[in-house]
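Summary of the model geometry
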Amino acid sequence: GAGVSQSPRYKVAKRGQDVALRCDPISGHVSLFWYQQALGQGPEFLTYFQNEAQLDKSGLPSDRFFAERPEGSVSTLKIQRTQQEDSAVYLCASSSRTLTGTGNTIYFGEGSWLTVV
Amino acid sequence: AQSVTQLDSHVSVSEGTPVLLRCNYSSSYSPSLFWYVQHPNKGLQLLLKYTSAATLVKGINGFEAEFKKSETSFHLTKPSAHMSDAAEYFCVVTPYNNNDMRFGAGTRLTVKP
């Protein structure tokens, strides 16, 4: 497709269960971002990839969160032993350039809605 | 450090009247600033961006924003609201050469008929 695609769109997980969220960025985009958006809040940065390299993971809230992009295209965000506070929308975004500060446009997917019960 | 403050969590206007969504930022660097819109169950869509060129930035759907360094503000405006403008709006700041986009908490715009 033409945009950033995320799956699943909706996921309900039991507390303690592991989940994996997938992101298909726009073809050819080198930069890929993951954000977490809690209900009623703005998105918060989790991690950033430039091609297959994870250059910044400073926003990951705990070691239960892990992201990968092994071939520099599709990315997976994995959450182990989910907890209720992990309930949020997880947004993936991509851009064609490597530096956002140059006014580079970032394109967002529609998000994966995770509910932990 | 950088941050964004959206001064109103909720703004309600009547259709056809002006829209003003306020945003103040702080940044240690020369920032880039963005406004994104999020419709229910939809992804974030870029409205406009400021990247140290013209201080008055025009975006899609008739929106524009003015960068005022002296006031550290980047308010979003539209002369005449349309029902389809009802959504959540996010102001975003990122310092130059940095990939860490910081979002404000969002402003929910309601448009009354």
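With that out of the way, let us pick up the packing of aromatic side chains. Applying the stated criterion across every chain, the model contains 16 aromatic pairs over all chains. Centre to centre, the rings of phenylalanine 90 of chain B and phenylalanine 103 of chain B are 6.1 Å apart; their planes meet at 75°, and the pair counts as edge-to-face. Of this pair, phenylalanine 90 of chain B sits in strand 10 (residues 87–95) while phenylalanine 103 of chain B sits in strand 11 (residues 102–103), and the two are 13 residues apart along the sequence. Using a relative accessible area of 1% as the deciding quantity, one classes phenylalanine 90 of chain B as buried. An aromatic cluster is defined as three or more aromatic residues linked by ring pairs; in this entry it consists of Phe33, Tyr35, Phe45, Tyr48 and Phe108 of chain A together with Phe34, Tyr36, Phe90 and Phe103 of chain B.

A general feature of soluble globular proteins is that nonpolar side chains tend to end up buried together. Judged by nonpolar contacts, the single largest core of 26 residues is most densely connected at Trp35, Leu48, Phe74, Leu76 and Tyr89 of chain B. Ranked by residues supplied to this core, first place goes to strand 10 of chain B with four residues. Among all residues touching leucine 48 of chain B, those that are not within four sequence positions of it are Leu33, Phe34, Trp35, Val57, Lys58, Gly59, Phe63, Glu64, Ala65, Phe74 and Leu76 of chain B. Among the nonpolar cores identified, the runner-up in size contains 20 residues, and Ala13, Leu46, Leu60 and Cys92 of chain A belong to it.

Once that is clear, we can look at the pairing of strand 5 (residues 31–38) of chain B. Residue and element names in this part refer to chain B. Summarising burial for strand 5: eight of the eight residues are buried, a large majority. Going residue by residue along strand 5, you find Pro31, Leu33, Trp35 and Val37 tucked away on one face and Ser32, Phe34, Tyr36 and Gln38 tucked away on the opposite face as well. In terms of strand pairing, strand 5 meets strand 6 (residues 44–50) through six bridges, oriented antiparallel. Each residue of the ladder has a partner; that of tryptophan 35, found in strand 6, is leucine 48. Between the end of strand 5 and the start of strand 6, which pair antiparallel, lie five residues, with asparagine 41 showing a positive phi angle near 60°.

All names here are of chain B. Applying the stated rule across the entire model yields eight salt bridges over all chains. Across the pair glutamate 64 and lysine 58 runs a salt bridge, and its minimum N-O distance is 2.8 Å. Lysine 58 gets classed as exposed once you look at its relative accessible area, which sits at 63%. Two residues, aspartate 85 and lysine 78, come together in a salt bridge whose shortest N-O distance is 2.8 Å.

Residues and elements named next belong to chain B. Across three bridges, strand 3 (residues 19–21) lies against strand 9 (residues 73–78) in antiparallel orientation. Note on strand 9: the bridge partner recorded for leucine 21 is leucine 76. Bridge analysis of strand 8 (residues 64–68) against strand 9 gives five bridges, and the strand direction is antiparallel. Residue pairing across strands places glutamate 64 opposite threonine 77, the latter belonging to strand 9. Between strand 8 and strand 9, which pair antiparallel in sequence order, lie four residues; one of them, threonine 72, sits at a positive phi of approximately 45°.

A complete count under the given rule lists two disulfides over all chains for this structure. Paired by a disulfide, cysteine 23 of chain A and cysteine 92 of chain A hold their sulfur atoms 1.9 Å apart. Of note, the bridge from cysteine 23 of chain A to cysteine 92 of chain A carries an S-S torsion of about -70° and is left-handed in sense. You can see cysteine 23 of chain A sitting in strand 3 (residues 19–24) and its partner cysteine 92 of chain A sitting in strand 9 (residues 88–95), a full 69 residues away along the chain. With a sulfur-sulfur separation of 2.0 Å, cysteine 23 of chain B is cross-linked through a disulfide to cysteine 91 of chain B.

Conventions we followed
- Residues numbered from 1 in each chain as written.
- Chains lettered and ligands numbered in written order.
- Predicted model: local features only at pLDDT ≥ 70, side-chain atom pairs only at ≥ 80, totals over all residues.
- Heavy atoms only, no water.
- Phe/Tyr/Trp six-rings, centres within 6.5 Å; stacked < 30°, edge-to-face > 60°.
- Helix = DSSP H or I, 4+ residues; strand = E, 2+ residues; numbered from the N terminus.
- Buried < 20%, exposed > 50% of the residue type's maximum accessible area, 1.4 Å probe, protein only.
- Core = buried A, V, L, I, M, F, W, Y, C linked by side-chain atoms within 4.5 Å.
- Contact = heavy atoms within 4.5 Å.
- Pairing = 2+ DSSP bridges.
- Salt bridge = Lys/Arg side-chain N within 4 Å of Asp/Glu carboxyl O.
- Disulfide = S-S within 2.5 Å.

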